[in-house]
Amino acid sequence: MHIHFVQHEHFEAPGAYLLWAMERQYTVSFSKLYDGDLLPDKVDDIDLLIVMGGPQSPNTTIRECPHFDAEAEIFLIQQCAAHGKAVVGVCLGAQLIGEAMGGKYAHSPEKEIGVFPMMLTPEGLQDEKIAHFGTVVTVGHWHNDMPGLTTESKRLASSEGCPRQIVAYGNLLYGFQCHMELTPEVVELLIAADEELLNCNHTHRFIQKPEDIRSYDFTEMNSKLYGFLDKLMMEYAQKVSYTD
């Protein structure tokens, strides 16, 4: 299997997604856009596209952020979907998948930064790829927006601060507004990028102090993410084998 990551900023690192790919001995490639890398010009060699987060929104223009081309990323996602590839979006990546499928992103009711419970919906509990998360699972959050919905999409999880934490746009297309990939190393990168807000926040209910975020053990959360990814790739492999 070949996994391709689209990374918008150095501090929005793939964390447990990359660790999972390495442990499974999958091949990996990157478009580190902040370093000037280009997006893939074809999707033939990609089995799983993972689009990471970032401070941008799907409405951010190239003039506002020269290394971020939302239209090009949306087209890449659409190409992957059209060719039967698996696609996972994280935070901004989830919003871009929604846009690619025809759902308009929106502002979340609450800004969430930290570690908070997430609840699976009835549809989430019926989804074989994430049912092992359990009814309630504690996950990482670092966002202000949320992905859009389509008539075909399924809302699989929500939190007190955001009703769209996981959205399935198809059997192989998933948007994770939450950050189940967080590791201590990724948390340090994110804290460094948002340190002033985290230390000076007095208005948002769902923004934790740096020490509270650092104190959480992400091992179980990462393990649940691994389970999802394994099941996703199993379904993908079965589909590829069937079509061949």
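What you see is a predicted model, and the numbers here were worked out from it, not measured in a lab.

Participant: How should I be thinking about the overall build of the protein chain in this particular structure?
Facilitator: Of regular secondary structure, the protein chain possesses seven helices and ten strands. Scaling as 2.2 N^0.38, a compact globule of 244 residues should have a C-alpha radius of gyration of about 18 Å, and the protein chain matches this with 17 Å. A principal-axis box enclosing the C-alpha atoms of the protein chain has dimensions of 55 × 40 × 35 Å. Among the 244 residues that make up the protein chain, the fraction classed as buried is 55%. Counted over contacts in the protein chain with a minimum sequence separation of 6, partners at least 24 positions apart contribute 74%. Working note: accessible area of the protein chain is about 11,000 Å², and carbon and sulfur atoms make up 50% of it. For the protein chain, the centre of its 17 positive side-chain charges and the centre of its 35 negative side-chain charges are spaced 4 Å apart.

Participant: Which parts of the structure should I look at to understand the UniProt feature "domain: Glutamine amidotransferase" (unreviewed entry) in the protein chain?
Facilitator: The sites that UniProt annotates as "domain: Glutamine amidotransferase" (unreviewed entry) are residues 42–185. Taken end to end, residues 42–185 is 21% helix and 34% strand, and its first and last C-alpha atoms sit 32 Å apart.

Participant: I'm lost on the side chain of Thr-60 in this one. Help?
Facilitator: Secondary-structure assignment places Thr-60 in the loop between strand 3 (48–51) and helix 2 (70–82). Overall, the relative accessible area of 16% leaves Thr-60 in the buried class. One polar contact links the side chain of Thr-60 to the main-chain amide nitrogen of Ser-57, over a distance of 2.9 Å.

Participant: Explanation requested: the pattern of salt bridges in the structure shown.
Facilitator: Opposite charge on two side chains permits them to pair, given that their charged atoms come into close proximity. A complete count under the given rule lists seven salt bridges for this structure. For Glu-110, the salt bridge identified is with Arg-205, shortest N-O distance 3.1 Å. With Glu-110 in strand 5 (residues 106–120) and Arg-205 in the loop between helix 5 (184–200) and strand 10 (206–207), this pair connects stretches of sequence that are 95 residues apart. Arg-205 gets classed as exposed once you look at its relative accessible area, which sits at 54%. As a salt-bridge pair, Glu-160 and Arg-205 come within 3.4 Å of each other at their nearest N and O atoms.

Participant: Quick question: what am I supposed to make of the nonpolar core here?
Facilitator: Considering soluble globular proteins, one finds that nonpolar side chains tend to be buried as a cluster. Counting 50 residues, the largest nonpolar core has Tyr-17, Leu-48, Phe-133, Ile-166, Phe-176, Phe-228 and Leu-232 as the members making the most contacts within it. Counting residues in hydrophobic clusters, the runner-up holds 21 residues, among them Ile-46, Phe-68, Ala-70 and Val-87.

Participant: Got a minute to help me understand unusual backbone geometry in this structure?
Facilitator: Positive phi values are uncommon outside glycine, yet Gln-25 reaches one of about 60°. Within the secondary structure layout, Gln-25 lies in the loop between helix 1 (16–23) and strand 2 (27–32). Residue Cys-91 is not a glycine yet carries a positive backbone phi of 60°. Along the chain, Cys-91 turns up in the loop between strand 4 (86–90) and helix 3 (92–101). Residue Cys-91 is classed as buried on the basis of its relative accessible area, which comes to 4%.

Participant: Looking at this model, I keep getting lost on the pairing of strand 6 (residues 136–146). Mind explaining?
Facilitator: Strand residues, when the strand is regular, have side chains that alternate between the two faces of the sheet. Extensive coverage of strand 6 is indicated by the burial of eight of its eleven residues. As paired strands, strand 5 and strand 6 are joined by ten bridges and run antiparallel to one another. When the sheet's bridge partners are listed, Glu-112 is paired in strand 6 with His-143.

Participant: Would you mind going over the state of the cysteines with me for this structure?
Facilitator: In protein structure, a disulfide is the covalent linkage between the sulfur atoms of two cysteines. Scanning the model with the defined rule gives zero disulfides in all. Cys-162 provides the cysteine sulfur closest to Cys-178, a residue in no disulfide bond, and the two sulfurs are 9.1 Å apart.

Participant: Can you walk me through the packing of aromatic side chains in this structure?
Facilitator: Each aromatic ring pair is characterised by the separation of its centres together with the angle its planes make. Overall, the coordinates contain six aromatic pairs when judged by the stated rule. Measuring from ring centre to ring centre gives 5.2 Å for Tyr-216 and Phe-218, while their planes differ by 70°; the resulting arrangement is edge-to-face. With a relative accessible area of 3%, Phe-218 lands in the buried category. What links up through ring pairs into an aromatic cluster is the set Tyr-174, Phe-176 and Phe-228. In this structure, Lys-32 packs its charged tip against the face of Phe-30, placed 5.0 Å from the ring centre.

Analysis parameters
Residues numbered from 1 in each chain as written. Predicted model: local features only at pLDDT ≥ 70, side-chain atom pairs only at ≥ 80, totals over all residues. Heavy atoms only, no water. Helix = DSSP H or I, 4+ residues; strand = E, 2+ residues; numbered from the N terminus. Rg over C-alpha atoms; globule rule 2.2 N^0.38 Å. Buried < 20%, exposed > 50% of the residue type's maximum accessible area, 1.4 Å probe, protein only. Contact = heavy atoms within 4.5 Å. Areas by Shrake-Rupley, 256 points an atom, 1.4 Å probe, with all protein chains shown as cover. Lys, Arg positive; Asp, Glu negative; His and termini not counted. Charge placed at Lys NZ, Arg CZ, Asp CG, Glu CD. UniProt positions renumbered as here; feature names shortened; annotations may be inferred. Polar contact = N/O pair within 3.5 Å; in protein donor to acceptor, adjacent residues only side chain to side chain. Salt bridge = Lys/Arg side-chain N within 4 Å of Asp/Glu carboxyl O. Core = buried A, V, L, I, M, F, W, Y, C linked by side-chain atoms within 4.5 Å. Pairing = 2+ DSSP bridges. Disulfide = S-S within 2.5 Å. Phe/Tyr/Trp six-rings, centres within 6.5 Å; stacked < 30°, edge-to-face > 60°. Lys NZ or Arg CZ within 6 Å of the ring centre and 35° of its normal.

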